[in-house]
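# Fold and contact review
Spelled out from the first residue to the last, the chains are:
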Amino acid sequence: MKTARFEDAVLVRQVQAGETFAFTELVTKYQDRVYNTCLRICGHTEDARDLTQDAFLQAFESIASFRGKSAFFTWLFRIAVNMSISHRRKRKARNAASLQDEKGTLNGPSSASQLTDERGVDPSTIVEKAEQRALVADCLLQLESDQRAVLVLRDMEGFDYQEIADILEIPVGTVKSRVFRGRLALRKLMIASGNSGH
């Protein structure tokens, strides 16, 4: 992680010095993770693509003011998460019908890394896992924005508590309590959905 932070800092300095091509490397490095995060928070593929582009655009336009007090990826994810939460709140009217259409796309190859583990499973289990991820994705979108954001960052993107605290600009203790409450709420939703014949 320290090596990645150093590499990012070098690229940021290049961009700040007018070598804008260096920003392309940062985009290439983080675009998939930013997109996955936006998608899991906002719940819609087209919106997630737009949010990803907007996040990188804002980062590029603001990079002159970036002083490196946090890691570049922390700063970038803060922009993306805030945009996604704000967008989600504005578009809350988008109901389960449109979310149902997105079920298959909410489960990228890196999703639910701590909730599911597909190493060494037989083919019949893969279908079960896919259904499980679809259920996780559906239930995740029913959580409050604050809980959804921490679960996406912690359980799907693998950030540690301090990194999440830096991204969301909240105390580590708040992150831990939101993760705890979010996991409980997610589990209850998944049990309820499973019992209702999903």
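A short tour of the structure in this document, coming up. This one's a predicted model, so the numbers in the text were calculated from it and none came from an experiment.

### Quick look at helix 3 (residues 45-62)
With 18 residues, helix 3 should cover 26 Å at 1.5 Å per step; its first-to-last C-alpha distance of 25 Å lies within 8% of that length. Residues T45, D47, A48, L51, T52, A55, F56 and A59 constitute the buried set of helix 3. The buried residues of helix 3 occupy an angular sector of 165° when the element is viewed end-on, so they sit on one face. Those residues of helix 3 that are exposed and angled more than 90 degrees off the buried face are E46, Q53 and E61. Where helix 3 is buried, its residues touch helix 2 (21-42) and helix 4 (72-90).

### A word on the nonpolar core
One broad trend across soluble globular proteins is that nonpolar side chains are buried collectively. Residues Y30 and F72 are the most contacted members of the largest nonpolar core, which totals 51 residues. Elements supplying a minimum of two residues to this core: helix 1 (2-16), helix 2, helix 3, helix 4, helix 6 (123-140), helix 7 (145-156), helix 8 (161-168) and helix 9 (172-195). Looking at which element gives the most residues to this core, the answer is helix 4, with 10 residues. Non-local contacts of Y30, meaning those with residues more than four positions away in its chain, are made with D8, F56, F72, F73, L76 and F77.

### Section: the packing of aromatic side chains
Applying the stated rule across the entire model yields 9 aromatic pairs. Judged by centre distance (6.3 Å) and plane angle (80°), the rings of F23 and F56 are edge-to-face. Within this pair, whereas F23 is found in helix 2, its partner F56 is found in helix 3, the two being separated by 33 residues in sequence. Classification of F23 by relative accessible area gives buried; the value is 7%. Ring plane angle 15° and centroid distance 5.6 Å describe the contact between F73 and F159, whose orientation is recorded as stacked. Taken together, the positions of F73 in helix 4 and F159 in the loop between helix 7 and helix 8 put the pair 86 residues apart, joining distant regions of the chain. Taking relative accessible area as the criterion, F73 reaches 6% and is therefore assigned buried.

### Structural notes on the state of the cysteines
Two cysteines form a disulfide when their sulfur atoms are joined by a covalent bond. In this structure the tally under the stated criterion is 0 disulfides. No disulfide involves C42; its nearest neighbouring cysteine sulfur is the one of C38, lying 6.7 Å away. Taking the relative accessible area as the measure of exposure, C42 reaches 5% and is therefore buried.

What counts as what
Residues numbered from 1 in each chain as written. Predicted model: local features only at pLDDT ≥ 70, side-chain atom pairs only at ≥ 80, totals over all residues. Heavy atoms only, no water. Helix = DSSP H or I, 4+ residues; strand = E, 2+ residues; numbered from the N terminus. Expected span 1.5 Å × (residues − 1). Buried < 20%, exposed > 50% of the residue type's maximum accessible area, 1.4 Å probe, protein only. Arc of directions from axis to C-beta. Contact = heavy atoms within 4.5 Å. Core = buried A, V, L, I, M, F, W, Y, C linked by side-chain atoms within 4.5 Å. Phe/Tyr/Trp six-rings, centres within 6.5 Å; stacked < 30°, edge-to-face > 60°. Disulfide = S-S within 2.5 Å.

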